[in-house]
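Coordinate inspection notes
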Amino acid sequence: MRIGQNPAKFVKDVARPERITVAVLSYIPFLSGFYAETLDVLKVCLDSARKDAGLPFDLMVFDNGSCAEVQDWLLAEQRAGNIQYLILSEKNLGKGGAWNIILSGAPGEIIAYADSDVLFYPGWLSESVRLLETFPNVGMVTARPFRTNPEFYSSTLAWAEAQPDVQVERGHFIPWEVFLEFDLSLGQNEEEIRQRYETTQDVRLTYRGVQAIAGASHWQFAAYKSTLAQFLPFEMNRPMGQVKQLDQRMNEAGLLRLMPTRPYAMNLSNTLRGLKAEKPVQQPREAMRRHALLDFPPLRRLLLALYDSIFRWYYDRQ
């Protein structure tokens, strides 16, 4: 038999979620090797997302089975009021499994998703939502311009070329420094990047006085939750490597995929070394020689291939 009445019966109001949910997916299985700096990267990601986003939002973090140190830190952040919704998975569900939970469970009308290695610049959220709300039938907006696979924005281009009130321009609209910065973060060398920059181009669209670059990507995007629901669930049997399903499905559905003309986000990957320091640090001559040796293209390719094989052997045991 119940004793007394539940006091919750007499509560007149409940909290309401913000219109926008910023959702970050983290996975840091240990704090050494490849992952040595990734907790610091995660901290910078969340701090930068909160700083001058331009619009109010709730923050959701889905942790995909990280080590105890990472989950303890996330719990402390949630208890401090810095994370509104925190999901700690006991095991790694892969990105597709995590997306199935995040994109269906986030309470906002708009979901702004990011991998945990994204650095945001002031105004990133307001600019993303401006493009989302200005252009019609938008599937997703990524907060940084870079060159994406044209096959994944063919519907965007087809729509633009069929509209008399849309100006379509082709050329090099992403500045070389912006292009180089992003591609270097993906592990490419400058010679390869320069060749790709010179042999490809951007597509810039102007609609109702607002400009955007055609394209978007799965590593960071803003979208309406109702739009994302069309593509759930994702069936991915590997932790990584199959996330382009979202890019492909959105394009096949005829939805626009857009980016702002200037960068509002950056990929940090697994290190903070790419962040600009206030005072440049002079490296010892021995370290400079070692770095030059490690950057020698044949040796670099060999070591990275060996590292990739070891990583796959470890995670393919299951």
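Provided above is the structure to which this section pertains.
Throughout what follows, the structure given in this document is the object of discussion. (Residues numbered from 1 in each chain as written. Predicted model: local features only at pLDDT ≥ 70, side-chain atom pairs only at ≥ 80, totals over all residues. Heavy atoms only, no water.)

Here's the deal with the overall build of the protein
- Helix and strand counts for the protein come out as 11 helices and 12 strands.
- Scored against the burial criterion, the 318 residues of the protein give a buried share of 45%.
- Looking at the protein as shown, the accessible area adds up to about 17,600 Å², and 53% of this sits on carbon and sulfur atoms. (Helix = DSSP H or I, 4+ residues; strand = E, 2+ residues; numbered from the N terminus. Buried < 20%, exposed > 50% of the residue type's maximum accessible area, 1.4 Å probe, protein only. Areas by Shrake-Rupley, 256 points an atom, 1.4 Å probe, with all protein chains shown as cover.)

Things to note about the packing of aromatic side chains
- One pass over the structure, following the stated rule, counts 17 aromatic pairs.
- Pairing Phe30 with Tyr35 gives two aromatic rings, centres 5.1 Å apart and planes at 85°, and the pair type is edge-to-face.
- Note on Phe30: relative accessible area 31%, which makes it partly exposed.
- When the centroid spacing of 5.7 Å and the interplanar angle of 85° are considered together, the rings of Trp99 and Tyr113 count as edge-to-face. In this pair, Trp99 is assigned in helix H3 (residues 94-105) and Tyr113 in strand S4 (residues 110-115), connecting sequence segments 14 residues apart. (Phe/Tyr/Trp six-rings, centres within 6.5 Å; stacked < 30°, edge-to-face > 60°.)

Points about the pairing of strand S10 (residues 220-224)
- A large share of S10 lies buried, amounting to 5 of its 5 residues.
- Of the two faces of S10, the one carrying Gln220, Ala222 and Tyr224 and the one carrying Phe221 and Ala223 are both buried.
- Across 5 bridges, the pairing between S4 and S10 is antiparallel. Within S10, the residue paired with Ala114 across the bridge is Gln220. (Pairing = 2+ DSSP bridges.)

Section: the pattern of salt bridges
- Inspection of the entire model under this criterion finds 13 salt bridges.
- Taking the shortest distance from any N to any O, the salt bridge between Arg147 and Asp202 comes out at 2.4 Å. Of the two residues, Arg147 is situated in the loop between strand S6 (138-141) and helix H5 (154-162) and Asp202 in strand S8 (residues 202-207); the sequence distance between them amounts to 55 residues. Comparing Arg147 with Asp202 shows no difference in burial state: the two are buried.
- If you follow the salt bridges from partner to partner, you end up with Arg19, Glu109 and Glu133 in one network. (Salt bridge = Lys/Arg side-chain N within 4 Å of Asp/Glu carboxyl O.)

Digging into the nonpolar core
- Counting 59 residues, the largest nonpolar core has Leu42, Leu46, Trp124, Leu125 and Phe135 as its most contacted members.
- Considering each element in turn, this core owes the most residues, 6 residues, to helix H1 (residues 38-50).
- Trp124 has contacts with Val22, Ser48, Ala49, Ala53, Ala112, Gln220 and Tyr264, leaving out every residue within four places of it along the chain.
- Core analysis: the next-biggest nonpolar cluster, separate from the first, contains 23 residues, Ala23, Met60, Phe62 and Leu255 among them. (Core = buried A, V, L, I, M, F, W, Y, C linked by side-chain atoms within 4.5 Å. Contact = heavy atoms within 4.5 Å.)

Regarding the packing of H1 against helix H2 (residues 68-79)
- Relative orientation of the contacting elements H1 and H2 amounts to 25°, with a least axis distance of 11 Å. Relative to H2, the element H1 is oriented roughly parallel. The two elements H1 and H2 meet at a crossing, and its hand is right-handed. Between H1 and H2, the residues in contact are Leu39, Leu42, Lys43, Leu46 and Arg50 and Val70, Trp73, Leu74 and Glu77, respectively.
- Here the residues of the contact of H1 with H2 sort into 6 nonpolar, no polar and 3 charged. (Axes fitted to C-alpha atoms, helices over the stretch in contact; angles between N-to-C directions. Parallel < 35°, antiparallel > 145°, perpendicular 65-115°, else oblique. Left-handed = near helix turned anticlockwise from the far one by under 90°. Nonpolar A, V, L, I, M, F, W, Y, C, P; charged D, E, K, R; others polar.)

Some points on the pairing of strand S11 (residues 256-259)
- Burial along S11 is two-sided: the face carrying Leu256 and Leu258 and the face carrying Arg257 and Met259 are both buried.
- Sheet topology places S6 next to S11; 3 bridges connect them, and they run parallel. The residue bridging Val141 from the neighbouring strand is Leu258, located in S11.

Digging into unusual backbone geometry
- Residues Leu232 and Pro233 are joined by a peptide bond in cis, for which omega reads -5°.
- Along the chain, Pro233 falls in the loop between helix H8 (225-228) and helix H9 (244-252).
- With phi around 55°, Asn137 is a residue other than glycine that occupies positive phi space.
- Despite not being glycine, Ser269 has its phi angle at roughly 60°, a positive value.
- Its place among the elements puts Ser269 in the loop between strand S12 (265-267) and helix H10 (285-294).

Here we look at the environment of Leu39
- Structurally, the position occupied by Leu39 is in helix H1.
- When the C-alpha atoms of Leu39 and Val70 are compared, they prove to be 6.7 Å apart, with 31 residues separating the residues in sequence.
- Leaving out residues up to four positions away in the same chain, Leu39 has contacts with Ile28, Leu31, Val70 and Trp73.

Details of the side chain of Thr134
- When you line up the elements, Thr134 lands in helix H4 (residues 124-134).
- The class for Thr134 is buried, based on a relative accessible area of 19%.
- Looking at Thr134, its side chain comes within polar contact range of the main-chain oxygen of Arg130, at 2.7 Å. (Polar contact = N/O pair within 3.5 Å; in protein donor to acceptor, adjacent residues only side chain to side chain.)

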